[in-house]
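These are the residues of each chain, in order.
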Amino acid sequence: MRYIWVVLVLPFFGFTFLDPVAKKNEEGNDLFQMGEYDAALQQYLQAQQNAPNRSELRFNVGDALYKQGKYDEAAQELGQVVESEDSNLSARAYYNLGNTLFRQEKFEEAAGAYKKSLMKNPKDQDAKVNLELALEKMQQQENKDENKDENKDENKDENKDEN
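What comes next is a walk through the structure. (Residues numbered from 1 in each chain as written. Predicted model: local features only at pLDDT ≥ 70, side-chain atom pairs only at ≥ 80, totals over all residues. Heavy atoms only, no water.)

The next thing to look at is the overall build of the protein chain. Helix and strand counts for the protein chain come out as eight helices and zero strands. Along the protein chain, from the amino end to the carboxyl end, the secondary structure elements read α-α-α-α-α-α-α-α. When each of the 163 residues of the protein chain is scored for burial, the buried share is 34%. If you take every contact in the protein chain between residues at least 6 apart in sequence, the share linking residues at least 24 apart comes to 41%. As presented, the protein chain carries roughly 11,100 Å² of accessible surface, and 48% of it is formed by carbon and sulfur atoms. (Helix = DSSP H or I, 4+ residues; strand = E, 2+ residues; numbered from the N terminus. Buried < 20%, exposed > 50% of the residue type's maximum accessible area, 1.4 Å probe, protein only. Contact = heavy atoms within 4.5 Å. Areas by Shrake-Rupley, 256 points an atom, 1.4 Å probe, with all protein chains shown as cover.)

What follows is about the packing of helix H6 (residues 87-103) against helix H7 (residues 107-120). The N-to-C vectors of H6 and H7 enclose an angle of 165 degrees; their axes lie 8 Å apart at closest approach. Our classification of the angle between H6 and H7 gives roughly antiparallel. For the crossing formed where H6 meets H7, the hand is left-handed. When H6 is examined against H7, the residues Ser 87, Ser 90, Ala 91, Tyr 94, Tyr 95, Leu 97, Gly 98, Asn 99, Leu 101 and Phe 102 are found in contact with a partner set consisting of Phe 107, Glu 109, Ala 110, Ala 113, Tyr 114, Lys 116, Ser 117 and Lys 120. Of the residues contributing to the contact of H6 with H7, the split by class is ten nonpolar, five polar and three charged. (Axes fitted to C-alpha atoms, helices over the stretch in contact; angles between N-to-C directions. Parallel < 35°, antiparallel > 145°, perpendicular 65-115°, else oblique. Left-handed = near helix turned anticlockwise from the far one by under 90°. Nonpolar A, V, L, I, M, F, W, Y, C, P; charged D, E, K, R; others polar.)

See below:
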């Protein structure tokens, strides 16, 4: 009877206690939810030592790095997840990569990442909104660059007149 009870109860506890990688990942997720991004990152990295190719761990590492403002490192991790066979994870990775690039003011690249996210998950409203924002920022950046070029040309003309 004792054996049957254990077998019936095990599914309710999950099997993370049997998988040290899943346990570390779960601990990292708990810390992440509490805003403890550095501690979460450490858990994810420890889990990654035993499973370096698990896409969900790379995704979580990327998220933790993003939350710490380490955008270059976050982009590198997320860039390795975007080609995941899990299309949902890939869409989320492209979305987060877009956010990372947006924070770095790489608006054209961010827009590209949001577009790829939407190709994988066309119903993602957040990706649609962020794509629009990235496109607006691209336009603003182009207008600003054009104004700088016009001002440079005007300054050159003024300098020529002074000689």
